[in-house]
Amino acid sequence: MHYNIDLIQLQNSLYNKKKSYNHFINISPEKVDELKQEAALISDDIFKDIPRSVSVSTVFYIKVLQMMTSKRFWQRSFDEVLIIYIFVIDPDLTFYKLYRRYFDVLKTNNVFKDDEKKYNEKKNNQLHLLKNDIFNRFGYSDLQIINYEKDFYKIFIKAEQKKEEGQNEETSQKPQTSKKNYLINLMDLLKDIKSLDSITQERYKEILELAEEYKNTYGSQVNIDELIWNLLYKNTSINLETLEEKILFFVYLFDPELIALTIYEEECKWDNIKSRMMESFGYFHKDIIRLEKLYKKRNEL
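If you're wondering where the values come from, they're calculated on a predicted model, not measured in any experiment. Position numbers for residues start from 1 in each chain and track the written sequence from start to end. In keeping with the predicted nature of the model, local features appear solely for residues at pLDDT of at least 70, side-chain atom pairs appear and are counted solely at 80 or more, and the whole-chain, interface and lining totals rest on all residues. As a rule here, side-chain values come from all non-hydrogen atoms in the structure, and water together with hydrogens is ignored.

**Q** Would you mind going over the layout of surface pockets with me for this structure?
**A** Remark: the empty space left among the atoms is shown by a probe the size of a water molecule rolled over them. Cavity and pocket criteria rest on a 1 Å grid covering protein atoms alone: a 1.4 Å probe that fits but cannot get out defines a cavity, protein on both sides within 12 Å along at least 5 of 7 lines defines an open pocket, and an atom within 4 Å of a point defines a lining residue. Grid points are joined across faces, edges and corners, and a volume is the space filled by probe spheres set on the points. The computed volume of the second largest pocket comes to approximately 720 Å³. Considering the residues around the second largest pocket, the lining is formed by 26 residues, among which Asn147, Lys150, Lys154, Asp188 and Lys191 are closest to the centre. Where helices and strands are cited, they refer to DSSP runs of H or I of at least four residues and of E of at least two residues respectively, numbered from the N terminus. Within the residue set of the lining of the second largest pocket, elements represented by two or more residues are helix 5 (94-108), helix 7 (116-138), helix 8 (145-168) and helix 9 (179-189). Residues are grouped as follows: nonpolar covers Ala, Val, Leu, Ile, Met, Phe, Trp, Tyr, Cys and Pro; charged covers Asp, Glu, Lys and Arg; every other residue, Gly included, is treated as polar. In the lining of the second largest pocket, the residues fall into 12 nonpolar, 3 polar and 11 charged.

What follows is the structure in structure tokens.
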């Protein structure tokens, strides 16, 4: 019981900076490699005190939490601490993989979608099974890390897979078959942003200047494929600090005249909106309209 109390307190301490979470947008793949190496050193330090045979145990996990919440990490960003933490306790992202295994059934079974009571019962049951499965495999459980592992997977693992696909095709162009997926991934990354009001007027001007510099670098006719790719995966090539800033940057370069929003206001059916947007941009996603509404509202401040 003593361990359980310690564990909860240490977990709370680890996550007390979660409001500063920045979705890994300022972490480059090179930085991830550095953090991975640091995680290996931390594991070595921990195993100086305990045998490696207890790596699947609460004792090991508490040692990890004690290390990750020590003064050594107080000055580190929450994003960096999370990545090190993931590499130490779950480098294969097993927590996230198990979560998908247990919860994909809720997405594919229409019975649960149509019956809220059954859905909630099944959800609670799956959550219980997930927690037990993780504990049985590791000797500890941390469900909070799953959403962060999901982001890590999308931003770094999938990015590397797509990069390798491009190399295998021996071309610098992104595969056309993946064009839609890149846009979907970007919209998914930005889906929780409800407002751009947090961007100050001074920073607003700086972002527009960065966008103009981007145009000059990549050509006045911006390649939207490259823009989306850069916003998703080349985290250090564009000096954007938040997801809100990415939205402002994207809309300014993608559709500064808000043509997509005008199309949306003129049409009643999504089929017509999609047809006209594909004709104008070669792209369509409903969330583009939402982002342009946020952009327009911010411009009116």
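Moving on, there is more to tell.
**Q** Please clarify how the packing of helix 13 (residues 259-266) against helix 15 (residues 286-299) should be interpreted in this entry.
**A** Pairs of packed helices are described in terms of their axes, by the angle between the two and the distance that separates them. Interaxial distance between helix 13 and helix 15 falls to 9 Å at its minimum, and their mutual angle equals 110 degrees. Taken together, helix 13 and helix 15 sit at an angle that is classed as roughly perpendicular. Helix 15 is crossed by helix 13, and the crossing has left-handed handedness. Note on element contacts: helix 15 touches helix 13 through Ile288, Ile289, Glu292, Lys293 and Lys296, opposite Ile259, Ala260, Leu261, Tyr264 and Glu265. Its residues placed into classes, the contact of helix 13 with helix 15 shows 6 nonpolar, no polar and 4 charged. Axis angles are defined between N-to-C directions and span 0 to 180 degrees, where every axis is a line fitted to C-alpha atoms and, for a helix, only to the segment in contact. Any angle that falls under 35 degrees is termed roughly parallel, while one over 145 is termed roughly antiparallel, one within 65 to 115 roughly perpendicular, and all others oblique. Put simply, a crossing is left-handed when the front helix is turned counterclockwise from the back one by less than a right angle, and right-handed when it is turned clockwise. Note on definitions: a residue-residue contact is assigned when non-hydrogen atoms from the two residues lie within 4.5 Å.

**Q** Where do I start with the side chain of Gln11 in this structure?
**A** For Gln11, the location among the structural elements is in helix 1 (residues 2-14). Identification of polar contacts relies on pairs of N or O atoms within 3.5 Å, with a donor-acceptor requirement for protein atoms, meaning one able to donate a hydrogen and the other able to accept it, and with residues adjacent in sequence counted only if both atoms are side-chain atoms. A distance of 2.8 Å separates the side chain of Gln11 from the side chain of Tyr61, its partner in a polar contact. With sequence-adjacent residues up to four places away left out, Gln11 is seen in contact with Tyr61, Leu65, Ser141 and Asp142.

**Q** What's the story with the packing of aromatic side chains in this structure? I'm lost.
**A** What describes a pair of aromatic rings is the distance from one ring centre to the other and the angle between the planes of the rings. Put simply, two rings from Phe, Tyr or Trp (the six-membered ring, in Trp's case) pair if the centres are within 6.5 Å, and we call them stacked under 30 degrees between planes, edge-to-face over 60, tilted for the rest. In the structure shown here, the tally under the stated rule is 24 aromatic pairs. Note on Tyr61 and Tyr140: the rings are 4.4 Å apart at their centroids and 10 degrees apart in plane angle, and the pair reads as stacked. Residue Tyr61 is found in helix 3 (residues 58-68), and its partner Tyr140 is found in the loop between helix 7 and helix 8; the two are separated by 79 residues along the sequence. The burial state of Tyr61 is the same as that of Tyr140; both residues are buried. A centroid spacing of 4.9 Å and a plane angle of 85 degrees characterise the contact between Phe95 and Phe138, whose relative ring orientation is edge-to-face. Throughout, exposure labels follow a simple rule: accessible area from a 1.4 Å probe, protein chains only, divided by the maximum for the residue type, with under 20% read as buried, over 50% as exposed, and the rest as partly exposed.

**Q** Help me understand the nonpolar core, please; the structure alone is not making it clear to me.
**A** Within soluble globular proteins, side chains that are nonpolar generally end up buried alongside one another. If you look at the biggest cluster of nonpolar residues, it comprises 97 residues, and the most contacted ones within it are Tyr85, Phe249 and Phe250. The element that contributes the greatest number of residues to this core is helix 4 (residues 78-89), accounting for 10 residues. Throughout this description, the term nonpolar core refers to a set of buried Ala, Val, Leu, Ile, Met, Phe, Trp, Tyr and Cys residues connected via side-chain atoms within 4.5 Å.

**Q** Just to check I follow, could you spell out helix 3 for this structure?
**A** Working note: α-helix, 3.6 residues per turn, so residues spaced by three or four point in the same direction. Most of helix 3 is tucked away: 8 of the 11 residues are buried. All of the buried residues along helix 3 are Thr58, Phe60, Tyr61, Ile62, Val64, Leu65, Met67 and Met68.

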